[in-house]
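# Results of the structural survey
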Amino acid sequence: MRAVAAFVFLASAGLLTAGLVGAGASSSPPADVASSADVEKGREIYERCGACHSLERDRVGPRHCGLFGRRAGSVPGFVYSDAMRESRLFWGRKTLDRFLTNPLAVVPGTFMGYAGIPDPKEREQLLDYLDVATRGEQCDAAAGSAAKTDGDGRGRRGDVRD
Amino acid sequence: MSSEIALAPREALSRRKFLGGATTATLSAAAIGLLAGAPTLFARRASAETDEQDIRILNTALGAEHEAVAAYQVGAESGLLKKPTLDLAVQFQGQHKEHIDLLAATVKKLGGQPVAGKVSYAFPVEKLETEEDVLRFAAGLEKGAVSAYLGAVPILGSGELSRAAASILGDEAMHWAVLRYVLGENPVPHAFVS
């Protein structure tokens, strides 16, 4: 839906250039179209997560491939805290931004013992990177079948989505 | 690993028994020093939630330390590391083992069950073809570890626990700097870690 909305907006604003079509197809609204410099800065910021996470592999924390659109706590085979599994969050830019600001406050009881990233600009760059990297080629095999819904194909009341 | 996180009910555990027990048998003198302030701290602590949160934070760090020890094992057995870097890797691995001992003892003191290491880890071994690859991989883990402890320091429930985390952070930062130096990179690229 959002990608379509972005497309319509871009087209009507006469901004439909080759470069923007690709970026507009991601979940970001046009004003947020990430520069490659932001993505590169985000890649560096992601190194902070490197003791516990990687894109393709479950480690101390779950893999990040396929993150966007996936239900919190849903990578098959990864043992999450009850708090994460029951959080009713669905990962998108807004929910990730909130969680990464202060993980323990947003999901009390989470196993992710990490204070968070207080700087909004850094979170934005990190999300610019994750938006690209978690859908990238190295994720083709690893994105897996994490739940996008509750398993019945529908959302439930109380779900927190973007 | 997280499957092993099972918090013992607070009431079922005699804290005094733990404090007087032999849980620190394998700890170095320095590690014992870091724990020394703890008994008074535990007497002061009131909140079971704080304890449980501390246990979760420390157990997650413990899981990462187990992985680091296994990673250095892979590096050491790869045949790619030559002396003197091989000696360094073995030394760094030994220090990660000491972190494990301290974290596990602390989790126990708080009334928790320390997580065990995994039976196997899926390291990206297909990408480790040269000595440089192995050192870069290790440097990445150490850098991540510095950030992880930096992220633990402000949320631990007491100054003593934060001090222990900061003490480990300093050690990992030295590992990271030395690995960067061996790789021919600026060993200390910034005035602050993040």
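Please read all numbers here as calculations on a predicted model, not as lab measurements. (Residues numbered from 1 in each chain as written. Chains lettered and ligands numbered in written order. Predicted model: local features only at pLDDT ≥ 70, side-chain atom pairs only at ≥ 80, totals over all residues. Heavy atoms only, no water.)

### Looking at the overall build of chain A
Each helix and strand in chain A was counted, giving seven helices and zero strands. Going from the N terminus to the C terminus, chain A shows its helices and strands as α-α-α-α-α-α-α. Looking at chain A residue by residue over its 162 residues, the buried ones come to 46%. Across chain A, the fraction of contacts at a sequence separation of at least 24, relative to all contacts at a separation of at least 6, is 52%. Working note: accessible area of chain A is about 8000 Å², and carbon and sulfur atoms make up 57% of it. (Helix = DSSP H or I, 4+ residues; strand = E, 2+ residues; numbered from the N terminus. Buried < 20%, exposed > 50% of the residue type's maximum accessible area, 1.4 Å probe, protein only. Contact = heavy atoms within 4.5 Å. Areas by Shrake-Rupley, 256 points an atom, 1.4 Å probe, with all protein chains shown as cover.)

### A closer look at the overall build of chain B
A count of helical and extended segments in chain B gives seven helices and zero strands. Going from N to C terminus, chain B has its helices and strands arranged as α-α-α-α-α-α-α. By the burial criterion, 48% of the 194 residues in chain B qualify as buried. Counting only carbon and sulfur atoms, one obtains 59% of the accessible surface of chain B, whose full area is about 9300 Å².

### Let's talk about the state of the cysteines
All names here are of chain A. In this structure the tally under the stated criterion is one disulfide over all chains. The side chain of Cys65 participates in a disulfide bridge whose partner is Cys139; the two sulfur atoms lie 1.9 Å from each other. In this structure, the disulfide formed by Cys65 and Cys139 twists by about -75° around the S-S bond and is classed as left-handed. Of this pair, Cys65 sits in the loop between α3 (36–46) and α4 (82–85) while Cys139 is found in the segment after α7 (120–133), placing the two residues 74 residues apart along the sequence. Of all cysteine sulfurs, the one in Cys52 lies closest to Cys49, which takes part in no disulfide; the gap is 8.6 Å. (Disulfide = S-S within 2.5 Å.)

### Focus: the packing of aromatic side chains
Summed over all chains, the structure comprises six aromatic pairs over all chains. The interplanar angle of 75° and the centroid separation of 5.9 Å between the aromatic rings of B:Phe123 and B:Phe137 together place this pair among those described as edge-to-face. With B:Phe123 in the loop between α5 (85–109) and α6 (131–152) and B:Phe137 in helix α6, the pair connects residues that are 14 residues apart, well separated along the chain. When its relative accessible area of 8% is taken as the criterion, B:Phe123 is described as buried. Three or more aromatic residues joined by ring pairs make a cluster, and in this case those are B:Tyr121, B:Phe123 and B:Phe137. Across from the ring centre of A:Phe90, 3.8 Å away, lies the NZ or CZ of A:Arg161, which sits over that ring. (Phe/Tyr/Trp six-rings, centres within 6.5 Å; stacked < 30°, edge-to-face > 60°. Lys NZ or Arg CZ within 6 Å of the ring centre and 35° of its normal.)

### Section: the interface of chain B and chain A
Residue-level contacts link 27 residues of chain B with 19 residues of chain A. Both faces combined, the contact of chain B with chain A buries some 1900 Å², and carbon together with sulfur accounts for 61% of it. For A:Arg59, the salt bridge goes to B:Glu67, with nearest N and O atoms at 2.6 Å. For the side of chain B that touches chain A, the secondary-structure elements that each account for two or more residues are α4 (48–77) and α6 of chain B. If you tally residues by element for the side of chain B that touches chain A, the top one is α6(B), at eight residues. Across the side of chain B that touches chain A, the residue classes tally to 13 nonpolar, nine polar and five charged. (Buried area = accessible area lost by both parts, 1.4 Å probe. Salt bridge = Lys/Arg side-chain N within 4 Å of Asp/Glu carboxyl O. Nonpolar A, V, L, I, M, F, W, Y, C, P; charged D, E, K, R; others polar.)

### Details of the environment of A:Gly66
Residues and elements named next belong to chain A. Mapped onto the secondary structure, Gly66 falls in the loop between α3 and α4. The buried category is assigned to Gly66, whose relative accessible area is 16%. Remark: the alpha-carbon pair of Gly66 and Ala133, spanning 67 residues in sequence, is separated by 9.2 Å.

### Notes on the pattern of salt bridges
For the coordinates displayed, the defined rule picks out 19 salt bridges over all chains. Between A:Lys121 and A:Asp38 there is a salt bridge, with its nearest N and O atoms 4.0 Å apart. Residue A:Lys121 is found in helix α7, and its partner A:Asp38 is found in helix α3; the two are separated by 83 residues along the sequence. Judged by its relative accessible area of 17%, A:Asp38 is buried. For A:Glu122, the salt bridge goes to A:Arg48, with nearest N and O atoms at 3.0 Å. Of this pair, A:Glu122 sits in helix α7 while A:Arg48 is found in the loop between α3 and α4, placing the two residues 74 residues apart along the sequence. In terms of burial, A:Glu122 and A:Arg48 fall into one category: buried. Via salt bridges that share partners, A:Glu40, A:Arg43, A:Glu47 and B:Lys143 belong to a single interconnected network.

### Some words on the nonpolar core
With 29 residues, the main nonpolar core has B:Leu58, B:Leu102, B:Leu103, B:Tyr149 and B:Leu156 as its most contacted residues. Elements with a minimum of two residues in this core: α2 (29–36), α4, α5, α6 and α7 (159–182) of chain B. When residues no more than four places from it in sequence are discounted, the contact partners of B:Leu156 are B:Asp54, B:Ile57, B:Leu58, B:Leu161, B:Ser162 and B:Ala165. Listed in part, the 28 residues of the second largest apolar core include A:Leu126, A:Tyr129, A:Leu130 and A:Cys139. (Core = buried A, V, L, I, M, F, W, Y, C linked by side-chain atoms within 4.5 Å.)

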